Every structure is written in C-alpha cells, then in structure tokens.
Amino acid sequence: MPLVRIDLSTDRPPAVRRAIADAVHQALVDAVGIPADDRFQIVTPHDPEELVFDPNYLDVARRDVVCVQITLVAGRPRELKLDLYRRLAANLTEVGVRPEDVFVTLTENALDDWSVGNGRAQLVELGAVAGAPVEP
C-alpha cells in the first residue's frame, strides 16, 4: 500500500495533473503489483519558483520537474524498483512530461508503520503486501 506525493508546477493544468497521477498509479500497479483500488495520492501544485531542482545535476537536463515521492513497505527487490522507475518515466512521457523531468524517491518502512483507518494496523493483519516477501 504505497502513499504517493506528487509535487509539480502550477503551470500544468488540473487535467494534466490528474493524468500524471493516473500514470504514476498505473506504473505502481504494473511494476509493483499493487491492487488497482490501492490508490492514495497527494498531488500538490507549486508556483514554479518554489520547485528548486538543479537543472543539470548528474548530467540530466531538467526544466519542469515532477517530483514523485513514494512511501511503501520495505522488501521489494532492486529489479522491481528499477522497473518502477522505467515505467514511471515511460507513463509520464505519454502524458507530456519529459523523462528528464521525472524525479522519484522511494521511502520504505514496515507493515506496522501503517494505519489506514479505524485505529488498526491493517497491513499487520494482512501480513504481506504486493511485491514484497512476507515478514517473519
């Protein structure tokens, strides 16, 4: 069950922001195997001057960054994460985002770091999440 934060410029209209959110979710469904209805996203538009990213760090020519921060349960293998990055770039390119402008970070935690309502730790009760091995 990932929680996704998407920070982007107000220069991108609401319909494009929604298309970006849809593209990010589809990459998670396809690469990680999360259920299609496991969607929790926070999309925050910013004035362009509030998004400060080096325009050439590590030889990537950035112009209009879409920052995707994904918090998810730890345990996915490196290959799955690398596939996720590729799918994110490909899906976002389809909705008008340059691949150079796709900036992604993953933050991992444990099953007991989540409560999705009613004061319960539902992921602990499930015992596992898509794409990650079962915890002992």
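Conventions adopted
- What you see as residue numbers is a count from 1 along each chain, following the sequence as written.
- Side-chain atom pairs in this predicted model are given and counted only at pLDDT of 80 or more, local residue features only at pLDDT of at least 70, and totals for whole chains, interfaces and linings cover all residues.
- Side-chain metrics rest on all non-hydrogen atoms present in the structure, leaving aside hydrogens and water.
- Cavity and pocket criteria rest on a 1 Å grid covering protein atoms alone: a 1.4 Å probe that fits but cannot get out defines a cavity, protein on both sides within 12 Å along at least 5 of 7 lines defines an open pocket, and an atom within 4 Å of a point defines a lining residue.
- Grid points are joined across faces, edges and corners, and a volume is the space filled by probe spheres set on the points.
- In DSSP terms, a helix is any run of H or I states spanning at least four residues, a strand is any run of E spanning at least two, and both are numbered starting from the N terminus.
- Each residue is assigned to one class: nonpolar for Ala, Val, Leu, Ile, Met, Phe, Trp, Tyr, Cys and Pro, charged for Asp, Glu, Lys and Arg, and polar for all the others, Gly among them.
- What makes a nonpolar core is a set of buried Ala, Val, Leu, Ile, Met, Phe, Trp, Tyr and Cys residues whose side-chain atoms join them at distances within 4.5 Å.
- Only protein chains enter the accessibility calculation, which uses a 1.4 Å probe. A residue is then buried if its area is under 20% of the maximum for its type, exposed if over 50%, and partly exposed in between.
- When checking whether two residues touch, look at their non-hydrogen atoms; a contact exists if any pair is within 4.5 Å.
- Residue count minus one, scaled by 1.5 Å, sets the expected span of a helix.
- Working definition: rings of Phe, Tyr and Trp (its six-membered ring) pair if their centres are within 6.5 Å, and the pair is stacked with planes under 30 degrees apart, edge-to-face with planes over 60 apart, and tilted otherwise.

Participant: Describe the layout of surface pockets, and please don't skip the residues or the numbers.
Facilitator: When its volume is computed, the largest pocket comes out at roughly 260 Å³. Forming the walls of the largest pocket are 13 residues, and the residues nearest its centre are Val60, Arg62, Val102, Phe103 and Val104. Among the elements that take part in the lining of the largest pocket, strand β4 (residues 102-109) stands out by supplying 3 residues, more than any other. Residue classes in the lining of the largest pocket are distributed as 10 nonpolar, no polar and 3 charged. Quantified by volume, the second largest pocket comes out at close to 150 Å³.

Participant: Explain the nonpolar core to me, and be specific about the residues and the numbers.
Facilitator: Judged by nonpolar contacts, the single largest core of 23 residues is most densely connected at Ile6, Ile20, Val24, Leu28, Ile70 and Leu84. When residues of this core are traced back to their parent elements, those giving at least two are β1 (3-9), α1 (14-32), β3 (66-73) and α2 (78-94). With 9 residues, the single largest contributor to this core is α1. Filtering out sequence-adjacent residues up to four positions away, leucine 84 remains in contact with Ala27, Leu28, Ala31, Val32, Ile70 and Leu106. Listed in part, the 7 residues of the second largest apolar core include Met1, Leu111, Trp114 and Val129.

Participant: Please set out α1 residue by residue, giving values where relevant.
Facilitator: In this model α1 runs 27 Å from its N-terminal to its C-terminal C-alpha over 19 residues, within 8% of the 27 Å that 1.5 Å per residue would give. Turning to α1, its buried residues number three or more, namely Arg17, Ile20, Ala21, Ala23, Val24, His25, Ala27, Leu28, Val29, Ala31 and Val32. Check the buried side of α1 and you find it contacts β1, β2 (41-46), β3 and α2. A positive backbone phi angle near 85° is found at glycine 33, which sits one or two residues after α1.

Participant: I'd love a proper account of the packing of aromatic side chains, names of residues and values included.
Facilitator: Throughout the structure, instances matching the rule amount to 1 aromatic pair. When the centroid spacing of 5.1 Å and the interplanar angle of 65° are considered together, the rings of phenylalanine 53 and phenylalanine 103 count as edge-to-face. In this pair, phenylalanine 53 sits in the loop between β2 and β3 while phenylalanine 103 sits in strand β4, placing the two residues 50 residues apart along the sequence. The class for phenylalanine 103 is partly exposed, based on a relative accessible area of 31%.

Participant: Now, about α2: what can you tell me, with residues and values included?
Facilitator: The terminal C-alpha atoms of α2, which comprises 17 residues, lie 25 Å apart, in line with the 24 Å expected from a rise of 1.5 Å per residue. Within the sequence span of α2, burial applies to Leu80, Leu84, Leu88, Ala89, Asn91 and Leu92. Tucked into the core, α2 has its buried residues touching α1, β3 and β4. In the segment just after α2, glycine 96 is the residue with positive phi, at about 100°.

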